[in-house]
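# Architecture at a glance
Next come the chains, spelled out residue by residue.
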Amino acid sequence: RLWDTLIAESAQAGGQQMGALASDCGSPGFEALLVYFCACFTAYFSARLQALDFEGITFFLQSIPTDGFGESEMDVLLSEAYILKSMFQQAPRHLAAPEAR
């Protein structure tokens, strides 16, 4: 489900960038949605990650417990990622550091 969605986003973003070679622009739809998906995925496990020390986080990330993930959990995470992408993709200043006054 995840790969299908990322590939579809890549194809859609590629179609919107007429005249640019795919090698020049990478896969903007794929990359953008993947970043927001990773943010949602991390937020999903946030409470567990915050309770761990560095070594625990490392072990957790090496073997993320997704065995119980079904299609409904993936749909929720992908939906949240798409919402974040829609809200923030065209507003890159949200990533900039605040200006000194």
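Here the structure is shown first, and the text comes after it.
Residues numbered from 1 in each chain as written. Predicted model: local features only at pLDDT ≥ 70, side-chain atom pairs only at ≥ 80, totals over all residues. Heavy atoms only, no water.

## Overview of the side chain of Glu9
Its location among the elements puts Glu9 in helix α1 (residues 2-16). Judged by relative accessible area, which is 9%, Glu9 ranks as buried. Within the structure, Glu9 has its side chain in polar contact with the side chain of Lys85 (distance 3.0 Å). Leave out the neighbours within four places in its chain, and Glu9 touches Gly29, Phe30, Leu33, Tyr82 and Lys85. (Helix = DSSP H or I, 4+ residues; strand = E, 2+ residues; numbered from the N terminus. Buried < 20%, exposed > 50% of the residue type's maximum accessible area, 1.4 Å probe, protein only. Polar contact = N/O pair within 3.5 Å; in protein donor to acceptor, adjacent residues only side chain to side chain. Contact = heavy atoms within 4.5 Å.)

## Digging into helix α3 (residues 28-44)
Helical geometry note: an α-helix holds 3.6 residues per turn, so side chains three or four residues apart project in the same direction. Between its first and last C-alpha atoms α3 spans 24 Å; for 17 residues at 1.5 Å apiece the expected length is 24 Å, and the two agree. All buried positions along α3 are accounted for by Gly29, Phe30, Ala32, Leu33, Tyr36, Phe37, Cys40 and Phe41. (Expected span 1.5 Å × (residues − 1).)

## Focus: the pattern of salt bridges
Taken as a whole and assessed by the stated rule, the structure comprises 1 salt bridge. The partner of Lys85 in a salt bridge is Glu9, and the shortest N-O contact between them spans 3.0 Å. With a gap of 76 residues between them, Lys85 in helix α6 (residues 71-88) and Glu9 in helix α1 connect regions that are remote in the sequence. (Salt bridge = Lys/Arg side-chain N within 4 Å of Asp/Glu carboxyl O.)

## Points about the packing of aromatic side chains
A full pass over the atoms with the stated rule returns 7 aromatic pairs. With 5.0 Å between their ring centres and 85° between their planes, Tyr44 and Phe45 make a pair best called edge-to-face. For Tyr44, a relative accessible area of 45% translates into the label partly exposed. For Phe45, a relative accessible area of 6% puts it in the buried group. Put simply, the rings of Phe37, Phe41, Tyr44, Phe45, Phe60 and Phe69 touch in pairs and so form one group of aromatic residues. (Phe/Tyr/Trp six-rings, centres within 6.5 Å; stacked < 30°, edge-to-face > 60°.)

## Side note on α6
Helix length check: α6 (18 residues) gives 25 Å between terminal C-alpha atoms against 26 Å at 1.5 Å per residue, within 8%. What α6 keeps buried is the set Met74, Leu77, Leu78, Ala81 and Lys85. End-on, the buried residues of α6 take up no more than an arc of 95°, which puts them together on one face. (Arc of directions from axis to C-beta.)

## Section: the nonpolar core
Ranked by size, the top nonpolar core spans 16 residues in total, and within it Leu2, Phe37, Phe41, Phe45, Phe69, Leu77 and Ala81 carry the most contacts. Put simply, the parts of the chain that give this core at least two residues each are α1, α3 and α6. With 6 residues, α3 is the single largest residue contributor to this core. Beyond its immediate stretch of four places on either side in the chain, Phe45 contacts Phe60, Ile64, Pro65 and Phe69. (Core = buried A, V, L, I, M, F, W, Y, C linked by side-chain atoms within 4.5 Å.)

## Structural notes on the side chain of Thr5
On the secondary structure map, Thr5 appears in helix α1. Taking the relative accessible area as the measure of exposure, Thr5 reaches 18% and is therefore buried. In this structure, Thr5 is in contact with Leu33 and Leu78, ignoring residues within four places of it in sequence.

Everything listed here is a matter of geometry and, on its own, says nothing about what the molecule does.
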